[in-house]
Amino acid sequence: NGNRIRKDHQSTYIDYVTIHIWIQNWGWYDPLKPEATYPKAFQAAKDYLESELSKISRLNKPMVIEEFGIARDGNDHDPNATTVWRDKYFEDLFALIHEKASIKTAVAGGNFWAWGGIGRPRKPKAIWQKGDDFIGDPPHEHQGWYSVYNKDESTLKIIQTYTKKMRALSME
């Protein structure tokens, strides 16, 4: 948000275009009011993607939605908090990425933010300190904000499903 996508990616030394879609960070989605804000936030994400695709049409380069994510339900940073709305966002955005790739737009893939794996924050909303697990969230941000953990089965199932779907497209 706020980059100059054509100018930033026009160099012949840059092989592909990247964008981020942060519906929460950009103020489109409020995790404390998901029912009221998610539909408009996801529409804004779709509109943003379309706008960026139209801007890069002449570059003839693939695009990766390099970062996207939202907090756990209620903006809870606890690794045990539910992920219903994050799962909905991942499902919807991965489906959009797959759709765009299927119809041969520049969209070539997407990367969720961020893999926390087996790591856990020392406490919810902690700022990283030496000795803490690395869990994907940058050290200057609240730990556990966007992390996907190895036990987030519903989220991992969505990621796995769309990984298979995108891989199948590459076999066509």
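For the structure, check the block above.
Participant: I'd like a description of the packing of helix H2 (residues 34-55) against helix H3 (residues 84-102), backed by residues and values.
Facilitator: At a closest axis distance of 12 Å, the pairing of H2 and H3 adopts a crossing angle of 25°. With respect to H3, the axis of H2 lies roughly parallel. Crossing geometry of H2 relative to H3 is assigned as right-handed. On H3, the residues that touch Pro34, Glu35, Tyr38, Phe42, Lys46, Leu49, Glu50 and Leu53 of H2 are Trp85, Lys88, Tyr89, Asp92, Leu93, Leu96 and Lys100. For the contact of H2 with H3, a count of residues per class yields nine nonpolar, no polar and six charged.

Participant: Would you mind going over the side chain of lysine 100 in detail, with residue names and values included?
Facilitator: Take lysine 100: it is sitting in helix H3. Exposure remark for lysine 100: the relative accessible area of 9% places this residue in the buried category. Once residues within four sequence positions are removed from consideration, lysine 100 is found in contact with Leu49, Glu50, Leu53, Thr105 and Val107.

Scoring rules and cut-offs
Residues numbered from 1 in each chain as written. Predicted model: local features only at pLDDT ≥ 70, side-chain atom pairs only at ≥ 80, totals over all residues. Heavy atoms only, no water. Axes fitted to C-alpha atoms, helices over the stretch in contact; angles between N-to-C directions. Helix = DSSP H or I, 4+ residues; strand = E, 2+ residues; numbered from the N terminus. Parallel < 35°, antiparallel > 145°, perpendicular 65-115°, else oblique. Left-handed = near helix turned anticlockwise from the far one by under 90°. Contact = heavy atoms within 4.5 Å. Nonpolar A, V, L, I, M, F, W, Y, C, P; charged D, E, K, R; others polar. Buried < 20%, exposed > 50% of the residue type's maximum accessible area, 1.4 Å probe, protein only.

This is a description of form; function is not addressed.
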